[in-house]
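Okay, here's what each chain looks like letter by letter:
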Amino acid sequence: MTSVRFTVTPTKAEDHPGLSDTSPEISSRSGNHVRFGSRESVSRSEPPSDSSMGVVAPTGGGGTETPDRSNMEQGDGNSKLSSVYINNSHGADDDDFYDRNLALFEEEMDTRPKVSSLLSRLANYTNLMQGAKEHEEAESNNEKKKAKSPRMGTFMGVYLPCLQNIFGVILFLRLTWVVGTAGVLQGLCIVFICCCCTMLTAISMSAIATNGVVPAGGSYFMISRSLGPEFGGAVGLCFYLGTTFAGAMYILGAVEILLMYIAPEAAIFTAKGLEGEGAAMLNNMRVYGSVCLLLMSLLVFVGVKYVNKLASVFLACVIVSIVSIYVGALVSAFRPPNFPVCTLGNRTINGHDLVDHQCAKTVPLSAEREVTNETLGGADGNTTTLATTELVPSPGENTTYLWSRFCQSVELNSSCDDYFAANNFSRIDGIPGLASGIISENLWSSYLGKGDVVEKGSLSSSQGARSPSTQQPYVFADITTSFTLLVGIFFPSVTGIMAGSNRSGDLKDAQRSIPIGTILAILTTSFIYLSSVVLFGACIDGVVLRDKFGDSVRGNLVVATLAWPTPWVIVVGSFFSTCGAGLQSLTGAPRLLQAIAKDNIIPFLRMFGHGKANGEPTWALLLTALIAELGILIASLDLVAPILTMFFLMCYLFVNLACALQTLLRTPNWRPRFSYYHWTLSFLGMTICLALMFISSWYYAIVAIVIAGMIYKYIEYHGAEKEWGDGIRGLSLSAARYALLRLEEGPPHTKNWRPQLLVLLKLDEDAHVKSPRLLTFASQLKAGKGLTIVGTVVSGNFLHSYGEALAAEQTLKLLMDKERVKGFCQCIVAQKAREGISHMIQSSGLGGMKPNTVVMGWPHAWRQSEDPQSWKTFIHTVRVTTAAHLALLVPKNISLFPNNNEPCADGYMDVWWIVHDGGMLMLLPFLLRQHKVWRKCGMRIFTVAQMEDNSIQMKKDLATFLYHLRIEAEVEVVEMHDSDISAYTYERTLMMEQRSQMLRQMRLSKSDREREAQLVKDRNSMLRLTSIGSDEDDETDGGERERAAAGDGSLSERHRRVQMTWTKEKASQYRAAHSGCSTPEGFRDMLSIRPDHSNVRRMHTAVKLNEVIVNKSHDARVVLLNMPGPPKNPDGDENYMEFLEVLTEGLERVLLVRGGGSEVITIYS
């Protein structure tokens, strides 16, 4: 019967060709009966008034018997009887404020709004204002109109900034030296370790960044929201300082390239002697660095879009220089560049000491004359004039300048160095080329100590008795090298991966752009670094690679010697690379500080959260420039770089830690869209970061950790005091006490919300659990996470029933072990079950570890129950949970739910989101799908659109909302246009009220009660048949109006049947015909009860919703549905149970859900 009703009752009036809002015959019919018109035609075309009572009178004469106001005012006092048979507009004000199709939920609309109104407010989630705003701030400020900041995509917003920050001075100034010292194999290993560290960090960062909307703040926002404000503030502030000093380091690098390789004559301070060269250089860098910092800060202040425009130009120069390296390497296979290197034996000679360009001990006299008075230009821009008059040559040959450096005088018979005397000078190609096979010599490492001479191992030599002197013109190693040292020196070249995430507030879609842009940038730079190691080892001689400053090639950049067509390409490219990286650092650091300041976790930084109208952090930029100036005043890259490495590694370490903890804890809010992550990868990245910190510089690592710890303790100023106990037990008690006290400080944040269950079980007379599947359902929902309390109530006196309580508790523990539920038992003895449940709900838990969700079973066969206390206790519990602001889950037909050994192979979990109650309906399917039983089930979300709603826009808004929630689900909006109250709805309400009044007012014996219940049941069956006939007539009338006019006999018969049900005369005859039944005195009067209008509307809601739910979700594995609240008037409790029965009729597995009044799901990370 139920399926027939669903097929003949339309959801929308437009589904039938004969029914349209513009049809003039919708509300009137030629004949002796009234047809139900649509609300559009009745209530909107002609608004109801007191004189019409919403009944549309026919336009013809008075020959019809349609009830109207005049007819109702006459008669026997049953004037309102016929008005309920048609589309009654009784209470028009209520219909305007509440939807008829949602009348079951109207009493709670103020706290549980309609989904359509919620989605209209959620539509602006994608238009987040710049800055780290919490959920509440974003909602309260969306009405303020602010100037929009640039909304950038993946390429301009993430990829280019990451490339510019990663490609720094190390690529051009140190990579060749790393390859020459460590060899190609170990060089590849060094690059691979550092790139693995950043790649693993990027994977963890991608998972966190796609776990919700990431406003401005980037890495700080991700760490603070994952590990708390203390860790986030400490690491975020350290990372800010590191990024700021990185800007200073890039500026210093740019100035150094400018003054050493581009324009040496631009130096303001010059040295008067060899001792003053270092001080003069530092002063020049301070002056030029301050000027560059000022210009860059002004450029950033003007606007981030100008920085991006210049960034593309700078990056183009970098790309051109890198391409020139690859082209030069290929060209060297056919035409190697001419960069000869002078060696004495196997020792490398400093090219600056080849004043006369002679790599020999003596030269013929004619050769000496050829260079007499010749002016030679060096790579450093200085000129040297050879004065041959100072030499005293022999008659056939002349000594060279190198002779004078190794011997006591220029005489051929003077005393010279033993090594000089035993070995000869020779020239080798500094760049032998790609086809030379030099890579075989460069495969292996050649670590040097400080002061060692750079030697070529393949050349033979006679070792001298004395070690070389630093006064001799060799190329010496300036520091002692090792594998770990080279790792620490190279690592700054792979930092900069946070450049895109630091500017997440400027991105159009940070969830998509940050993972793609960052990982692509790391893959690009890793390929370039790894291939450069191979190319350098295959094209450049080992002695030149190990020459850090290029002294063997007369002061040229080593990497520039390989460039094609000219070394100037690399020089200019490296200069613009450092300038671009400096601009990116000065752009990202103020935004990071602004995000920290807006969170107000460090009070003295509050003022730096303000900025210009478009969100640009003006005050934060000013502080960043001042701190960067301190780094420029230091003027030494060697002092600044190790601190930067520590701060970057610390940030990367905590990003990996945050991802690993979130993955292992499996918090409900952890739903990253980026799925290519695993906690083992995050743990490996964290281990590598920690190892690199101490490998690079253990004392700097300790200093950085201490600074971060001090900031942590400052933020956590009001922490709980420590308590030292006895061993592990005392430590556990102290940790538990500390955690409980911390939980007491305030309610949990939305993203930390997870169901903490209080499962209410009922025991039978033999102390067996009646519904053990409730505990199975709880285990599937919790999956071992969070708090679970299983409780029951034992009726009686505690003094006499203590033993029963212990036995009941033992029964619950055995069942929990069987179902593998980790939690606690609680058994309460009370005189009445409802009092015991109320006490349990009030007293369960300890401190902040209290249940926030109650799970209870549905009272089965409540209609046939002899004792009404079961369903009354159920409704009382619903009221108690609502008063306590707890969520409520009621599985209906719990025996049909699968156990833990019956996984669902397919199917859907259908969510019917009628009203918004905090997001419980979204969260529960996600939690259930974490369990193996429900893992393969899909998720479908249905919501209801009323006549005034835009269903297409609702579907778009709902899809956008689910996208930000990171929940994969199919979305469907079901249109429920207002329609007339059907015959079945009216008669079902009438029967419900008659039965309720009968059982409430009459004190009957058991046998009489059963007989009367059977009478009501029989009457309901008959009315059900007649209501189906009415619906069929309602459906077919519009399409068969012409045949009716032609005298169709079957249609006339159907009309007669409808008239028997729906005219006043036939209704009176029906009552008279059935008045002879054997009923007690006064029962006949109950048949004349007129149903309450509010009950009719509520029943209408239940019937209509049930129709569409069964139509759409009849094959669903489980249906999750908003549970309406109980009526405020306790007299309607039994009606409330009937409404819930009608609402869930025909559904196999139903989970009724009521929220606790707070948000349990959020789009934020």
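Preceding this section is the structure that the text describes.
Here's a quick rundown of the structure. (Residues numbered from 1 in each chain as written. Predicted model: local features only at pLDDT ≥ 70, side-chain atom pairs only at ≥ 80, totals over all residues. Heavy atoms only, no water.)

Comments concerning the state of the cysteines
Next up, step 1: Taken as a whole and assessed by the stated rule, the structure comprises two disulfides.
Next up, step 2: One disulfide bridge connects Cys342 with Cys359, the sulfur atoms lying 1.9 Å from each other. One quick way to see it: the torsion about the S-S bond of Cys342 and Cys359 is about 80°, and its sign makes the bridge right-handed. You can see Cys342 sitting in strand S1 (residues 340-344) and its partner Cys359 sitting in the loop between strand S2 (347-348) and strand S3 (362-364), a full 17 residues away along the chain. As far as burial versus exposure is concerned, Cys342 and Cys359 are alike and both buried.
Next up, step 3: There is a disulfide in this structure between Cys407 and Cys416, and the S-S distance comes to 1.8 Å. (Disulfide = S-S within 2.5 Å. Helix = DSSP H or I, 4+ residues; strand = E, 2+ residues; numbered from the N terminus. Buried < 20%, exposed > 50% of the residue type's maximum accessible area, 1.4 Å probe, protein only.)

Some remarks on the nonpolar core
Next up, step 1: The biggest cluster of nonpolar side chains holds 152 residues, and the ones touching the most others in it are Phe490, Tyr529, Phe536 and Ile540.
Next up, step 2: Among the nonpolar cores identified, the runner-up in size contains 65 residues, and Leu119, Ala805, Leu928 and Tyr1164 belong to it. (Core = buried A, V, L, I, M, F, W, Y, C linked by side-chain atoms within 4.5 Å.)

Digging into unusual backbone geometry
Next up, step 1: Note the cis peptide between Trp564 and Pro565, where omega equals 10°.
Next up, step 2: Following the sequence through the fold, Pro565 ends up in the loop between helix H20 (542-545) and helix H21 (568-599).
Next up, step 3: The phi dihedral of Asn893 is positive, around 60°, even though this residue is not glycine.
Next up, step 4: Positionally, Asn893 belongs in the loop between strand S12 (887-892) and strand S13 (908-913).
Next up, step 5: The phi dihedral of Arg966 falls on the positive side, at around 60°, and the residue is not glycine.
Next up, step 6: By the secondary structure assignment, Arg966 is in the loop between helix H32 (951-965) and strand S15 (970-975).

Details of the sheet that holds S15
Next up, step 1: Across the sheet, which stays open at both edges, the ten strands sit in the order S10-S9-S8-S11-S12-S17-S16-S13-S14-S15 with mixed pairing between neighbours. Of all strands in the sheet, those with a lone pairing partner are strand S10 (824-830) and S15, marking the two edges. Averaged over neighbouring strand pairs, the angle between their axes works out to 20° when direction is ignored.
Next up, step 2: Against the sheet, helix H30 (residues 869-883) touches strand S8 (757-760), strand S11 (853-855), S12 and strand S17 (1150-1154), its axis set at about 150° to S12. (Pairing = 2+ DSSP bridges. Axes fitted to C-alpha atoms, helices over the stretch in contact; angles between N-to-C directions. Contact = heavy atoms within 4.5 Å.)

Topic: the sheet that holds strand S7 (residues 425-429)
Next up, step 1: Ordered by their spatial adjacency, three strands build an open sheet running S2-S1-S7, and the pairing between neighbours is antiparallel. Of all the strands in the sheet, just S2 and S7 have a single pairing partner and so form its edges.
Next up, step 2: Here five bridges tie S1 to S7, and the two strands are oriented antiparallel to one another. Bridged to Pro340 within S7 is Asp429.

Points about the pairing of strand S16 (residues 1118-1122)
Next up, step 1: With five of five residues buried, S16 is to be regarded as a mostly interior element.
Next up, step 2: Here S13 pairs with S16 via four bridges, running parallel. Directly across from Met909, in S16, lies its bridge partner Val1118.
Next up, step 3: Two strands pair when backbone bridges link them, and S16 and S17 are joined in this way by four bridges, in the parallel orientation. The residue bridging Val1119 from the neighbouring strand is Val1150, located in S17.
Next up, step 4: Each parallel crossover has a hand, and for S16 linked through helix H40 (residues 1133-1143) to S17 it is right-handed. (Right-handed = clockwise from strand over helix to strand, strands pointing away.)

Some details on the pattern of salt bridges
Next up, step 1: Within this structure, the stated rule accounts for eleven salt bridges.
Next up, step 2: A salt bridge links Arg347 to Glu455, with the nearest nitrogen and oxygen atoms 3.8 Å apart. With Arg347 in strand S2 and Glu455 in the loop between helix H17 (439-442) and helix H18 (483-490), this residue pair connects regions lying 108 residues apart in the sequence.
Next up, step 3: Judged by relative accessible area, which is 4%, Arg347 ranks as buried. (Salt bridge = Lys/Arg side-chain N within 4 Å of Asp/Glu carboxyl O.)

What to know about the pairing of S17
Next up, step 1: For S17, a buried count of five out of five residues is recorded, marking the element as mostly surrounded by other parts of the structure.
Next up, step 2: The side-chain alternation of S17 yields two buried faces, one formed by Val1150, Leu1152 and Arg1154 and the other by Leu1151 and Val1153.
Next up, step 3: Relative to S17, S12 runs antiparallel, the two being bridged by five bridges. Bridge assignment links Pro891 to a residue of S17, and that residue is Leu1151.

Observations concerning the packing of helix H11 (residues 229-262) against helix H25 (residues 698-715)
Next up, step 1: One can describe the packing of H11 onto H25 by two numbers: an axis separation of 8 Å at closest approach and a directional angle of 140°. In this view, H11 runs oblique relative to H25, as classed from their interaxial angle. Crossing of H11 over H25 shows right-handed handedness. Mapping the contact onto sequence places Pro229, Glu230, Phe231, Gly233, Ala234, Leu237 and Cys238 in H11 and Ile707, Ala708, Ile711, Tyr712 and Ile715 in H25. (Parallel < 35°, antiparallel > 145°, perpendicular 65-115°, else oblique. Left-handed = near helix turned anticlockwise from the far one by under 90°.)

Some words on the packing of aromatic side chains
Next up, step 1: Enumeration according to the criterion identifies 22 aromatic pairs in this entry.
Next up, step 2: Taking the centre distance of 5.5 Å and the plane angle of 75° together, the rings of Phe239 and Phe648 count as edge-to-face. Here the residue Phe239 occupies a position in helix H11, and Phe648 occupies one in helix H23 (residues 637-665), the gap between them amounting to 409 residues. Each member of the pair, Phe239 as well as Phe648, is classed as buried.
Next up, step 3: The interplanar angle of 80° and the centroid separation of 6.1 Å between the aromatic rings of Tyr474 and Phe476 together place this pair among those described as edge-to-face.
Next up, step 4: With a relative accessible area of 3%, Tyr474 lands in the buried category. (Phe/Tyr/Trp six-rings, centres within 6.5 Å; stacked < 30°, edge-to-face > 60°.)

Description of a nonpolar patch on the surface
Next up, step 1: On the surface, Leu690, Phe694, Trp698, Tyr699, Ile702, Ile705, Val706 and Met710 cluster together to form a nonpolar patch covering roughly 800 Å² of accessible area.
Next up, step 2: Looking at where Leu690 falls in the secondary structure, it is placed in helix H24 (residues 679-696).
Next up, step 3: Among the residues examined, Leu690 registers a relative accessible area of 41% and is labelled partly exposed. (Patch = residues over 30% accessible without salt bridge, like charges linked within 9 Å, V, L, I, M, F, W, Y side chains within 5 Å. Areas by Shrake-Rupley, 256 points an atom, 1.4 Å probe, with all protein chains shown as cover.)

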